[in-house]
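# Examination of the molecular architecture
One letter stands for each residue in the lines below.
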Amino acid sequence: MGFFDRISEGLSRTRERFVESMNLLLDLGPVVDEDFWEELEATLIMADIGAPAAAAIVENLREQATRKGLENSAQVLEMLNGQIADTFAEGGRDILDGEGAVVLFVGINGTGKTTTVGKIAKEKTDQGRKVILGSADTFRAAAIEQLEVWAQRAGVEMVTRERGADPASVCFETLERAEAAGADLVLIDTAGRLHTSDDLMRELKKVVSVVRKRSKLPVYLVLVIDATTGQNGLQQAREFNKALDLDALIVTKLDGTAKGGIALAVSHELDLPIVKIGVGEGIDDLRDFDSSDFARALMGDFGQEPQE
């Protein structure tokens, strides 16, 4: 199955909900009036795209429709695909594909964070990168065991300590080993508890401070969120970004939700690029994010036809 087909399959539940809403909007008639714009914005918000992103999309479509003299709602909606793609924050390519980086992965338990770190380690090792893993989620034994399995599968070194050890010390040791081994990509799994936990945020701030002081490579913070949590995922992202000043996002479990629009809501509101999306449990189901492919998968045959 091709790259686009896999993403499209993963977003099928989201797409069905979205297309149904768009068709209902078209049933209101072809006239582009104030009611049309209000209904379009409401429809986008109901698709979990979020109020700020929905408002931006509608504003840009209004401008284009006026400039082009479009008076038919179907003509306006043909441009929706492109507007969805353009509303995602850009950037983030250097985080996993640059010359070298230390990447701290944060997020609450259950988002697939540890598995995501392992999959990236395998992918980048297969691409010829020198990768080292750090298991700084020392409060959850299963996290250490999960990452060990992936380290073995990828054939990479993993630094860990006993359960309950200081996560910052694990990070420090990971950076020392990475420097000694000449690693150009250091992936560190951090503790995942509720985003409302003050203790967790203090712990993560300490970890980030230690890593930034010790690392000779650029340091990035990537939040892993579960698309099935919908608006709660957006609130998680707000809290983590407020505390840690995030650099990018990874959105997982898009294949199991009708709330895939949350990816756009978080990226746009927080101005954070999405570097990977998860559309299944397999190793090949963690994909590089492409806003155009995502918009096409979200829209299906509605609006612009996909171009292979």
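Summary of the structure given here.

How each quantity is defined
- Residues numbered from 1 in each chain as written.
- Predicted model: local features only at pLDDT ≥ 70, side-chain atom pairs only at ≥ 80, totals over all residues.
- Heavy atoms only, no water.
- Helix = DSSP H or I, 4+ residues; strand = E, 2+ residues; numbered from the N terminus.
- Rg over C-alpha atoms; globule rule 2.2 N^0.38 Å.
- Buried < 20%, exposed > 50% of the residue type's maximum accessible area, 1.4 Å probe, protein only.
- Contact = heavy atoms within 4.5 Å.
- Areas by Shrake-Rupley, 256 points an atom, 1.4 Å probe, with all protein chains shown as cover.
- Lys, Arg positive; Asp, Glu negative; His and termini not counted.
- Charge placed at Lys NZ, Arg CZ, Asp CG, Glu CD.
- Pairing = 2+ DSSP bridges.
- Axes fitted to C-alpha atoms, helices over the stretch in contact; angles between N-to-C directions.
- Polar contact = N/O pair within 3.5 Å; in protein donor to acceptor, adjacent residues only side chain to side chain.
- Parallel < 35°, antiparallel > 145°, perpendicular 65-115°, else oblique.
- Left-handed = near helix turned anticlockwise from the far one by under 90°.
- Nonpolar A, V, L, I, M, F, W, Y, C, P; charged D, E, K, R; others polar.
- 1 Å grid on protein atoms, 1.4 Å probe; cavity = no way out; pocket = protein on both sides within 12 Å on 5 of 7 lines; lining within 4 Å.
- Points joined across faces, edges and corners; volume = space filled by probe spheres on them.

What follows deals with the overall build of the protein chain. Helices and strands together make up the secondary structure of the protein chain, namely 14 helices and 8 strands. Here the protein chain has a C-alpha radius of gyration of 21 Å; the compact-globule value for 308 residues is 19 Å, and the two agree. With the principal axes as the frame, the protein chain shows a C-alpha extent of 65 × 40 × 30 Å. Here the protein chain, with 308 residues, has 55% of them falling under the buried criterion. The long-range fraction of contacts in the protein chain, counting pairs at least 24 apart against all pairs at least 6 apart in sequence, stands at 76%. About 13300 Å² of surface is accessible on the protein chain, with carbon and sulfur atoms providing 45% of the total. Distance from the positive charge centre (34 side chains) to the negative charge centre (53 side chains) of the protein chain: 8 Å.

Another point: the side chain of Thr43. You can see Thr43 is positioned in helix α3 (residues 34–46). What makes Thr43 buried here is its relative accessible area of 10%. In contact with Thr43, not counting residues within four places along its chain, are Ser21 and Met22.

Here we come to the sheet that holds strand β7 (residues 274–278). With respect to topology, 8 strands assemble into an open sheet ordered β3-β2-β4-β1-β5-β6-β7-β8, the strand pairing being mixed. Each end of this open sheet is capped by a strand with a single partner; those strands are β3 (157–159) and β8 (286–288). Neighbour-to-neighbour, the strand axes of this sheet turn through a mean angle of 25 degrees, independent of strand direction. The pairing of strand β5 (residues 219–226) with strand β6 (residues 248–252) spans 5 bridges and is parallel. Paired with Ile225 across the bridge in β6 is Val251.

A few words on the side chain of Ser73. Here Ser73 shows up in helix α5 (residues 73–77). A distance of 3.2 Å separates the side chain of Ser73 from the backbone oxygen of Gly29, its partner in a polar contact. With residues up to four places along the chain from it excluded, the contact list for Ser73 reads Leu26, Gly29, Pro30, Val32 and Phe36.

Once that is clear, we can look at the packing of helix α10 (residues 167–181) against helix α11 (residues 198–214). One way to put it is that α10 packs onto α11 with a least axis distance of 9 Å and a crossing angle of 25 degrees. On the basis of their axis angle, the class for α10 and α11 is roughly parallel. Handedness of the crossing formed by α10 with α11: right-handed. Within the contact between the two elements, α10 uses Pro167, Ala168, Cys171, Phe172, Leu175, Glu176 and Glu179 and α11 uses Glu203, Lys206, Val207, Val210, Val211 and Arg214. Tallied by class, residues from the contact of α10 with α11 come to 8 nonpolar, no polar and 5 charged.

The method is simple in principle: a probe with the dimensions of a water molecule rolls over the atoms, and the space it marks as empty is what remains. Roughly 260 Å³ of internal volume is contained in the largest pocket. As for the largest pocket, its lining consists of 16 residues, and the residues nearest its centre are Thr115, Lys119, Lys253, Gly280 and Glu281. Sorting the residues of the lining of the largest pocket by element identifies α8 (113–126) and α9 (141–154) as the ones contributing at least two each. Residue composition of the lining of the largest pocket, by class: 2 nonpolar, 8 polar and 6 charged.

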